[in-house]
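Examining the three-dimensional arrangement
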Amino acid sequence: LYGSRGASASKIALSVSLCNLIGCWFGIMPVCHGAGGLAAQHRFGARYGTAVIFLGVAKILLGLLFGSSLELALDEFPETVLGALLLVAGLELAISGLKQSEEVRRSCFGQGWFILLLTAITALVHKTFIGFAAGASAVLVLNARWWAQQQFARRWQSIEE
């Protein structure tokens, strides 16, 4: 499930882009290596790569055996159960984030928690894009403030000399 070594950001970006570029010709939905699915699988007991293979084989078999009639069955799936599963996956991601709280606290010039909460709350209240825009704007403002402070410090230091 995790592998013995981590994947670089460029390898992940390449694999996602290739999946989407090749898959679009076959009518697939856009895909990604989302953390939500992995968190849910881990929470419900998956610890090895065979869990992902089993899930993929099960989905293929269900599609081949039941075809379009499976859509009718999935339409009847209780939304409350789906909501509970999503809640558990979300809590698993939140717990993972809390374990990395020291990194978050130090990021963005000590304002990591502010950026995290601003982005999350704005995305929940409005839309995902608006939350992203708010978080990205706040990071840009913090970067500009840091740059201005550095410039002021350099000028002040040159005046003292």
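Residues numbered from 1 in each chain as written. Predicted model: local features only at pLDDT ≥ 70, side-chain atom pairs only at ≥ 80, totals over all residues. Heavy atoms only, no water.

Digging into the overall build of the protein chain
In terms of regular secondary structure, the protein chain is built from 8 helices and 0 strands. Across the 161 residues of the protein chain, 9% fall into the buried class. Of all intrachain contacts in the protein chain linking residues separated by at least 6 positions in sequence, the fraction that spans at least 24 positions is 48%. Here the protein chain displays about 13,100 Å² of accessible surface, and carbon together with sulfur accounts for 69% of that area. (Helix = DSSP H or I, 4+ residues; strand = E, 2+ residues; numbered from the N terminus. Buried < 20%, exposed > 50% of the residue type's maximum accessible area, 1.4 Å probe, protein only. Contact = heavy atoms within 4.5 Å. Areas by Shrake-Rupley, 256 points an atom, 1.4 Å probe, with all protein chains shown as cover.)

Brief notes about the packing of helix H7 (residues 112–125) against helix H8 (residues 128–160)
To describe two helices that pack against each other, one gives the angle between their axes and the distance between the axes. At a minimum axis separation of 7 Å, H7 and H8 run at an interaxial angle of 155°. Accordingly, the angle class assigned to the pair H7 and H8 is roughly antiparallel. As H7 runs across H8, the sense of the crossing is right-handed. From H7, Phe114, Ile115, Leu118, Thr119, Thr122 and Ala123 reach across to H8, where they touch Thr128, Ile130, Gly131, Phe132, Ala134, Gly135, Ala138, Val139 and Leu142. Partitioning the contact of H7 with H8 into residue classes produces 10 nonpolar, 5 polar and no charged. (Axes fitted to C-alpha atoms, helices over the stretch in contact; angles between N-to-C directions. Parallel < 35°, antiparallel > 145°, perpendicular 65-115°, else oblique. Left-handed = near helix turned anticlockwise from the far one by under 90°. Nonpolar A, V, L, I, M, F, W, Y, C, P; charged D, E, K, R; others polar.)

Comments concerning the environment of Thr119
Tracing the backbone through its elements, the reader meets Thr119 in helix H7. Residue Thr119 is classed as partly exposed on the basis of its relative accessible area of 25%. Sequence separation between Thr119 and Ser137 is 18 residues, and the spatial gap between their C-alpha atoms is 9.9 Å. Leaving out residues up to four positions away in the same chain, Thr119 has contacts with Gly131, Phe132 and Gly135.

Observations regarding the confidence of the model for the protein chain
For residues with low pLDDT, the predicted coordinates do not support detailed interpretation. On average, the protein chain scores 81 in pLDDT, and the residues at 70 or more come to 85%. Across the protein chain, helix H3 (residues 50–66) holds the top mean pLDDT of 88, while helix H6 (residues 101–110) sits lowest at 62. (pLDDT = per-residue confidence, 0-100.)

Some remarks on H7
Over its 14 residues, H7 runs 20 Å from end to end, which matches the ideal 20 Å to within 8%, given 1.5 Å per residue. Listing the buried residues of H7 in full gives Gly112, Ile115 and Thr122. Buried residues of H7, seen end-on, are gathered within an arc of 120° and therefore sit on one face of the element. In H7, the exposed residues that point more than 90 degrees away from the buried face are Leu124 and Val125. (Expected span 1.5 Å × (residues − 1). Arc of directions from axis to C-beta.)

What to know about the layout of surface pockets
Of the volumes computed, that of the second largest pocket is approximately 280 Å³. In terms of lining residues, the second largest pocket is bounded by Gly37, Ala40, Gln41, Phe44, Ala51, Phe54, Leu55, Leu82, Leu85, Leu86 and Ala89. For the lining of the second largest pocket, the elements supplying multiple residues, two or more each, are helix H2 (35–43), H3 and helix H5 (79–99). Counting residues per element, the lining of the second largest pocket draws most heavily on H5, at 4 residues. (1 Å grid on protein atoms, 1.4 Å probe; cavity = no way out; pocket = protein on both sides within 12 Å on 5 of 7 lines; lining within 4 Å. Points joined across faces, edges and corners; volume = space filled by probe spheres on them.)

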